[in-house]
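Residue strings, one per chain:
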Amino acid sequence: MVVLLLPLSALADTFALLAGDSLADIVKDAAATPGADTIQVASDYASDGVGVDVSGESLAFEPLDGAAYELPPLYGTSATLDITGAVITGGVQYPGAYFGADAYCALCLALGEVVLRDVEVATSANHGILVLDTSVSAEGLVIRDTPGRGFSHYSYTAETTVTLSGSEFYGNTAGAIKVYNGGGDVNFTLHNSMVRDNVSVEAAGLYVYGEDVAVLDTAFVDNRSRAGATLQLTSAGGTFTGVEMTGNSGAWGSLVYADLGGHDLVFSECSLAGGRTGFDGIVEGRGDLLVTGCTWAPEGIFERLDGSMHVEDNLIGATDDSMGVIYGYDTSLTVTGNRFCGGSARLVDFDGLVVATGSSVLFQTNVVTGVEGSGALLWSGGIDVTGVEGSNFEIIDNTFVANDTQALYAGDTTGLMFVNNLVQDSIAYFDLASFPEGAEGDYNLWHGASPTALVAFPTGWGANDVTGQDPLLVDAFDPFACYTEPGLQDGSPAIDAGDPARTDADGQSRSDIGAIDGTPGAGPSDDVDADADGYPADVDCDDDNAQVNPGLADDPYDDIDQDCDGSAASISYGGGCACDGALAGSPAFLLLALARRRR
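Presented here is an overview of the structure given in this document. Throughout this document, residue positions are counted from 1 along each chain, in the order its sequence is written. Given that the model is predicted, a residue must reach a pLDDT of at least 70 before its local features are reported, and side-chain atom pairs must reach 80 or more before they are shown or counted; all residues, however, enter totals for whole chains, interfaces and linings. The side-chain quantities take in all heavy atoms of the structure and omit both hydrogens and water.

Considering the pattern of salt bridges
Salt bridge, as used here, is a side-chain nitrogen of Lys or Arg placed within 4 Å of a carboxyl oxygen of Asp or Glu. Summed over all chains, the structure comprises 6 salt bridges. Among the salt bridges present, the one from arginine 196 reaches aspartate 197, with a minimum N-O distance of 3.2 Å. Looking at aspartate 197, the relative accessible area reads 31%, which means it is partly exposed. Linked through salt bridges whose partners overlap, the residues forming this network are Glu120, Arg144 and Asp145. Relative accessibility under 20% of the residue-type maximum defines a buried residue, over 50% an exposed one, and the middle range a partly exposed one, all with a 1.4 Å probe and only protein chains included.

Below is the structure:
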């Protein structure tokens, strides 16, 4: 039975879809009624699962009685749909032959536009939503348990916009989301969403081809790829901001596998917590890779092949693996302003924080503490006996404290600069078969450590070093506590003792030795903890409130920055920089938060 509601004349006609009605018939009636575009669906309407063709129509679906309702699969071309509060079930073959005879989906559109609000897709078809040259805006979308991919967007001829916000994708067995640019132009954003428990042969979380995407405040949790990664990019890049990744696994990367193809890829203010495989990520191809402001607890190595990689201002844990935390092959690596933390576990299969072959590496203003294990902290080439090419390393303005490995630096180097570094109670051995001509090492401070090498240091090496003098690190510093920093107290022999050709951040005084400049008045007072929450004032952003410190989770609903990461959490999945507790249980260490006082 079809019931025609009679609205005010100024409004478009509205149809009601009740139990026993045919949606296909009502769509036809709406098409024949001038101005009719709204179909209100009763919660007791029973979908028969037969697909309904909405080609050429402009239709709005909404609840009749305020409760969720069920829709059969919808398909068509040049349709404009606005759907609120629906559960879409069943599946229908995609219209036309473009995707072949095996493409079945719950919502299948070409050359159209769709707006979804609080829509759930639960289908036995091999695609939840499959759209071609169609713009999509979704808020509160749920796509679950699809025996295929949850959401697929293809762009060939049209410029489209896809925005998925406040949405959830879980239990899909060919991955969660795919964005494919075959010649069109896609403006794709995934925001404030959860991608969890998806599996795939390829990308389990997000697959992108030929496009730059934006992913904000979104969590990727416990996704499993059998022959790919959580994120997979082909000739593509984008920005990932406030993203949490934890518990994922993939044969080619628990985090990402990418061939940038000239695109740039940025991870900013993210929580990257490895996974259950030996690779965190593999990124190759031209383009710039930037990881900045993140908390990173690796489970395996991160490979950068070709191109460049910048790792800046992150909190990074050491990892137990055969190739190191970051491995660069024929690339340019810039590793600056990071905190590398070893924690309490001894790593038995550790080959380096940064391992590079045929690369140029700048390792500057990093703090490296508490790393214990086999291998060297930094390793250039020399990975095997096949004569792989070494790398050029510039190691400048770093602080190394309480590290116990086979060497500070090892391998087959093509060039080496070791200047303005502070080494205390730490490995100081250079495991090189020979020093390259022109290698430079000077203006370093050694305390509780004496530099040694397999062969003689070059002439003039260390002529201006500071040896045997306590650098007077601030009392609050603990090399095994990742949230404290080795600042310099007043009177430290490292202050103004660096290379006179280098200046402090003020551009006036001579450089200090180490990663962190001397701070006027820094000393025992740095260990003040007014609120007695276990976090000293120099790392606690509110030392008068014990409910605010770097060790707490950030409540996403109170506009308070509980975890001192610089921003209040906006979502329940990650919060702030999405670092809250995501790394707890890491096999190497417990990462909290890091308050920086870098130059």
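As for the state of the cysteines
Note that a disulfide, as used here, is simply two cysteine sulfur atoms within 2.5 Å. Evaluation of the coordinates by the stated rule reveals 2 disulfides. At a sulfur-sulfur separation of 1.9 Å, the disulfide partner of cysteine 105 is cysteine 108. On the sign convention where negative means left-handed, the S-S torsion of about 130° between cysteine 105 and cysteine 108 marks this disulfide as right-handed. Comparing cysteine 105 with cysteine 108 shows no difference in burial state: the two are buried.

Notes on the packing of aromatic side chains
Two aromatic rings, drawn from Phe, Tyr or Trp (for Trp, its six-membered ring), form a pair once their centres lie within 6.5 Å of each other, and the interplanar angle then sorts them: stacked below 30 degrees, edge-to-face above 60, tilted otherwise. Following the criterion strictly, the structure yields 18 aromatic pairs and no others. Taken together, the aromatic side chains of Phe418, Phe430, Phe435, Trp446, Phe457 and Trp461 make up a single cluster linked through ring pairs. Throughout this description, the term charge over a ring refers to an Arg CZ or Lys NZ atom that lies within 6 Å of the ring centre and within 35 degrees of the ring normal. For the cation-ring pair, arginine 196 lies above tyrosine 170, with the distance from its terminal atom to the ring centre recorded as 4.2 Å.

Describing helix α1 (residues 23-32)
When α1 is considered as a whole, its buried residues turn out to be Leu23, Ile26, Val27 and Ala30. All buried residues of α1 project into a common sector of 105° when viewed along the axis, lining one side. Structural note: α1 exposes Lys28 and Ala32 on the side pointing more than 90 degrees away from its buried face. Whether two residues are in contact is decided by their heavy atoms, any of which lying within 4.5 Å being enough. Only DSSP runs of H or I reaching four residues or more are called helices, and only runs of E reaching two or more are called strands; each is numbered from the N terminus. Summarising the contacts, the buried residues of α1 are in contact with β2 (14-17), β3 (38-41), β4 (52-53), β5 (58-63), β6 (69-71) and β7 (74-77). Regarding the arc, it is the one traced by the directions from the helix axis to the C-beta atoms.

Overview of the pairing of strand β29 (residues 237-241)
Following DSSP output, two strands are said to pair if at least two bridges run between them. Relative to β29, strand β25 (residues 212-216) runs parallel, the two being bridged by 5 bridges. Paired with valine 213 across the bridge in β29 is glycine 238. The sheet contact formed by β29 and strand β32 (residues 265-268) spans 4 bridges and is parallel. Bridging across to β32, threonine 239 finds its partner in valine 266.

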